[in-house]
Amino acid sequence: MPLEYAVESPTASEILRAAKKLQLEARMESDKSYPPSWWESSGRVLVEYEGSKRELLIKLARLVRSSKKS
């Protein structure tokens, strides 16, 4: 992820909203956690996307970043 697009600590719900805004097939698994913080059920987002992962992450990061600014 290029630093210019990076978002500090995005939440799963922010990522889900961004994916839905891009009209992608996305769903959240609320009971999942990030391995280093296994005690926090922060959730994860599964997204169906035909392009590259890098391309998807940049699109999502742009939307999450713009929503945090407003």
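See above for the structure.
What counts, and at which threshold
Residues numbered from 1 in each chain as written. Predicted model: local features only at pLDDT ≥ 70, side-chain atom pairs only at ≥ 80, totals over all residues. Heavy atoms only, no water. Axes fitted to C-alpha atoms, helices over the stretch in contact; angles between N-to-C directions. Helix = DSSP H or I, 4+ residues; strand = E, 2+ residues; numbered from the N terminus. Parallel < 35°, antiparallel > 145°, perpendicular 65-115°, else oblique. Left-handed = near helix turned anticlockwise from the far one by under 90°. Contact = heavy atoms within 4.5 Å. Nonpolar A, V, L, I, M, F, W, Y, C, P; charged D, E, K, R; others polar.

Let us look at the packing of helix α1 (residues 12–21) against helix α2 (residues 53–69). Across the interface, α1 lies against α2 with an axial gap of 9 Å and an inter-helix angle of 115 degrees. In terms of orientation, α1 lies roughly perpendicular with respect to α2. In this structure, α1 crosses over α2, and the sense of that crossing is right-handed. Of the residues in α2, those touching α1 at Glu14, Ile15, Ala18, Ala19 and Lys21 are Leu60, Leu63, Val64 and Lys68. Residues of the contact of α1 with α2, tallied by class, amount to 6 nonpolar, no polar and 3 charged.

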